[in-house]
Amino acid sequence: MKERLLTYILYAISLLPFWVLYRISDLLFVLIYYVFGYRKKVVLENLRNSFPEKTEIEIHQIARRFFRHLPDIIVETVKGRSISRKQVLERVELLNPEEVYQHFEQGRGVMGVTAHYANWELGIHRLSLMTEFPRLVIYKPLSDKSFGAVLNAIRSRFGATLVPTKQILRHLVKLKNKPHISMFVADQTPGYQDSDYYMDFLGQDTLVFTGTERIAKAMDVAVVFCEIRRKEKRGHYSCKFTTLVKHPKECTDREIIHQHTAFTEQIIRDEPAYWLWSHRRWKRKRRQ
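Residues numbered from 1 in each chain as written. Predicted model: local features only at pLDDT ≥ 70, side-chain atom pairs only at ≥ 80, totals over all residues. Heavy atoms only, no water.

The subject of this paragraph is helix 6 (residues 98-105). Every buried residue of helix 6 is accounted for by V100, H103 and F104. Considered in projection along helix 6, the buried side chains sweep an arc of 105° and stay on one side of the axis. Looking at the packing, one finds that the buried side of helix 6 touches strand 2 (110-114), strand 5 (181-185), strand 8 (222-230) and strand 9 (237-245). Taken from the residues just after helix 6, G107 is the one with a positive phi, measuring 75°. (Buried < 20%, exposed > 50% of the residue type's maximum accessible area, 1.4 Å probe, protein only. Helix = DSSP H or I, 4+ residues; strand = E, 2+ residues; numbered from the N terminus. Arc of directions from axis to C-beta. Contact = heavy atoms within 4.5 Å.)

The next subject is the environment of H260. Topologically, H260 is positioned in helix 11 (residues 255-270). Residues H260 and L244, spaced 16 residues apart in sequence, show a C-alpha to C-alpha distance of 7.4 Å. With sequence-adjacent residues up to four places away left out, H260 is seen in contact with V113, A186, T212, F225 and L244. For H260, the side chain forms a polar contact with the side chain of T212, separated by 3.0 Å. (Polar contact = N/O pair within 3.5 Å; in protein donor to acceptor, adjacent residues only side chain to side chain.)

Taken N-terminus to C-terminus, the directions of helix 10 (residues 211-219) and helix 11 make an angle of 120°; their axes are 8 Å apart at the nearest point. With respect to helix 11, the element helix 10 is oriented oblique. For the crossing formed where helix 10 meets helix 11, the hand is right-handed. Of the residues in helix 11, those in contact with T212, E213 and A216 of helix 10 are E255, I256, I257 and H260. Split by residue class, the contact of helix 10 with helix 11 holds three nonpolar, two polar and two charged. (Axes fitted to C-alpha atoms, helices over the stretch in contact; angles between N-to-C directions. Parallel < 35°, antiparallel > 145°, perpendicular 65-115°, else oblique. Left-handed = near helix turned anticlockwise from the far one by under 90°. Nonpolar A, V, L, I, M, F, W, Y, C, P; charged D, E, K, R; others polar.)

The next thing to look at is unusual backbone geometry. What is expected of a backbone is that most residues other than glycine have negative phi and most peptide bonds are trans. A positive phi is found at A118, a non-glycine position, where the angle reads about 60°. Tracing the backbone through its elements, the reader meets A118 in the loop between strand 2 and helix 7 (120-128). Here N177, not a glycine, exhibits a phi torsion of approximately 65°, which is positive. Structurally, the position occupied by N177 is in the loop between helix 9 (168-172) and strand 5.

To continue, consider the pairing of strand 4 (residues 161-164). Both faces of the sheet carry side chains from a regular strand, because those side chains alternate between them. The pairing of strand 3 (residues 135-139) with strand 4 spans four bridges and is parallel. The residue of strand 4 that forms the bridge with L136 is T161. This β-α-β element, strand 3 to helix 8 (residues 145-155) to strand 4, shows right-handed connectivity. (Pairing = 2+ DSSP bridges. Right-handed = clockwise from strand over helix to strand, strands pointing away.)

Next comes the structure, spelled out in structure tokens:
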């Protein structure tokens, strides 16, 4: 019942034109930032620890820009429930799709790696429309199963197959040595049972997933970073592809992890306001 109700409500909201949704976003910003102060302490702490060289004024400026962007992500994600193919193509520009197609032409699969940056949810729709080869989106199941099911229904609208993290290999083995793309949002916080590897990320000791490297080597797929950036015009984005690794088996241990993590860090440092600072990224400390 809850899932059905959420589906109806979000679908009804998604039918509103973008200009109305952005007025809603403007209101949400006021409520989130000024009235409720949603995770403001978390955001400010994350920013201070990541940019100790910045003044307190600069930290608050970045935080405000982040909270201004966050409601846009929310309404754009809801819009994904009914957004048209034409609107997706207009709003997310692929700058160099040939970077991915070259691997398909060689009969190889691609591991797409991205981050919680700009609007990764809208990016899923655009990537789903770039090829007819299998498109897999790897996700971490939410504790709220009803909301998770509704969100996954949005993500799969244009043909993507949603795969829980613990079922990755089961799906990818069937696609070994065949053109496909699997998308990983690789800047999430793993549980202690999923990783024991720490590295420096934004100047902090950070627990990171190692599964991307293990899977890339096992499946022998090219690792391509999907760099989604926000354009100046509201609600419009670009995606640039960069092949980080062509032949994973030739890489040393942890090399792939360091490459895509460093790439993510550089993007964040370029324009920090558009990363998901409300995420408790550094909650996993080293065990003594």
